[in-house]
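Structural overview
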Amino acid sequence: MQLRISENHLIPNPTITKPVDCELLLQADHRYFDKDGYELNFQERLFHKNSGVVIDEGHLFHTANHVTWFYDKEESQNKLVLDHSTQNMRWNYTGAAREQIKELAVHKPSLNKLLGVVQKWGIDFSLDYVYTGHCL
């Protein structure tokens, strides 16, 4: 196993300030809001994509700002196996983006959920020991 660290890094102040197209935001699905984790619903995805935030690094069916942290250059399949290692960030909304959310929440109250989002950071690291017939 050759463990390497990616060039990705945690951002000290993950804040979205750019507003998005009002019609797209009003039409975007508000369901599946993740108040505790890092997953992004369709409303949030609009803001993140518009601000250039990486949310499409392929981690199964998860859409969030989670980027590779460590990786195994050899992609080992025996002994120590790095399943995944990511840095995770949750971005809040300030400035023009926050004002837009407040204004449009009059027409679509579910947007108020976005006003409660707070910045947070996390890591997700899974290292397994794989040997004949077993995995720990």
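Conventions and cut-offs
- Per chain, residue numbering runs from 1 following the sequence as it is written.
- With the structure being a predicted model, the display of local features is reserved for residues of pLDDT at least 70 and the display and counting of side-chain atom pairs for 80 or more, all residues being used for whole-chain, interface and lining totals.
- Side-chain calculation: all heavy atoms of the structure are included, whereas hydrogens and water are not.
- Secondary structure elements are defined from DSSP: runs of H or I of at least 4 residues count as helices, runs of E of at least 2 residues count as strands, and each element is numbered from the N terminus.
- For the exposure calls, accessible area comes from a 1.4 Å probe over protein chains only, and a residue counts as buried if that area is under 20% of its type's maximum, exposed if over 50%, partly exposed in between.
- Note on contacts: a residue pair qualifies if any of its non-hydrogen atoms lie within 4.5 Å across the two residues.
- Exposure was quantified through the Shrake-Rupley algorithm and a 1.4 Å probe, taking into account, for residues, occlusion by the shown protein chains and nothing else.
- The pairing criterion for strands is at least two bridges between them, as found by DSSP.
- The term salt bridge refers to a side-chain nitrogen of Lys or Arg lying within 4 Å of a carboxyl oxygen of Asp or Glu.
- Pairs were defined over the aromatic rings of Phe, Tyr and Trp, the Trp ring being its six-membered one, requiring ring centres within 6.5 Å. Orientation was assigned from the angle between planes: stacked under 30 degrees, edge-to-face over 60, tilted for the rest.
- By nonpolar core we mean a set of buried residues, namely Ala, Val, Leu, Ile, Met, Phe, Trp, Tyr and Cys, connected to one another through side-chain atoms within 4.5 Å.

**Concerning the overall build of the protein chain**
Within the protein chain, the secondary structure is distributed over four helices and eight strands. For the protein chain, the succession of helices and strands along the chain, N to C, is β-β-α-α-β-β-β-β-α-α-β-β. Projected onto its principal axes, the C-alpha positions of the protein chain cover 60 × 30 × 20 Å. Across the 136 residues that make up the protein chain, the buried fraction comes to 38%. If you take every contact in the protein chain between residues at least 6 apart in sequence, the share linking residues at least 24 apart comes to 72%. Split by element, the accessible area of the protein chain, about 8400 Å² in all, is 55% carbon and sulfur.

**Regarding the sheet that holds strand β7 (residues 120-131)**
With antiparallel pairing, the four strands of this open sheet are ordered in space as β3-β5-β7-β8. In this open sheet, the two strands that pair with only one neighbour each are β3 (65-68) and β8 (134-135). Here β3 runs beside strand β5 (residues 79-90); their pairing, made up of four bridges, is antiparallel. Across the sheet, residue N65 finds its bridge partner in β5, namely M89.

**Focus: the pattern of salt bridges**
Applying the stated criterion to the full structure yields four salt bridges. K102 is the salt-bridge partner of E99, the closest N and O atoms lying 3.7 Å from each other. One end of the pair, E99, and the other, K102, are both in helix α3 (residues 95-104), three residues apart, so they sit about a helical turn from each other.

**Structural notes on the packing of aromatic side chains**
The relative placement of two aromatic rings is captured by the distance of their centres and the angle of their planes. Enumeration over the complete set of coordinates arrives at five aromatic pairs. Arranged with centres 5.2 Å apart and planes meeting at 65 degrees, the rings of F47 and Y93 form a pair that is edge-to-face. Note that F47 is positioned in helix α2 (residues 42-50) and Y93 in strand β6 (residues 92-93), a separation of 46 residues in sequence. In this structure F47 comes out as buried when scored by relative accessible area, which is 0%. Their ring planes at 85 degrees and their centres at 6.4 Å tell us that F70 and F125 sit as a pair that is edge-to-face. Remark: F125 occurs in strand β7 and F70 occurs in strand β4 (residues 70-72); sequence separation between them is 55 residues.

**A look at the nonpolar core**
Judged by nonpolar contacts, the single largest core of 18 residues is most densely connected at I16, L25, F47, Y93, I101, L111 and L114. Elements that contribute at least two residues to this core include exactly α3 and α4 (112-115). Tallying contributions element by element places α3 first for this core, with three residues. Sequence-distant contacts of Y93, that is, excluding residues within four places in its chain, are made with I16, E44, F47, H48, R98, I101, L114 and V117.

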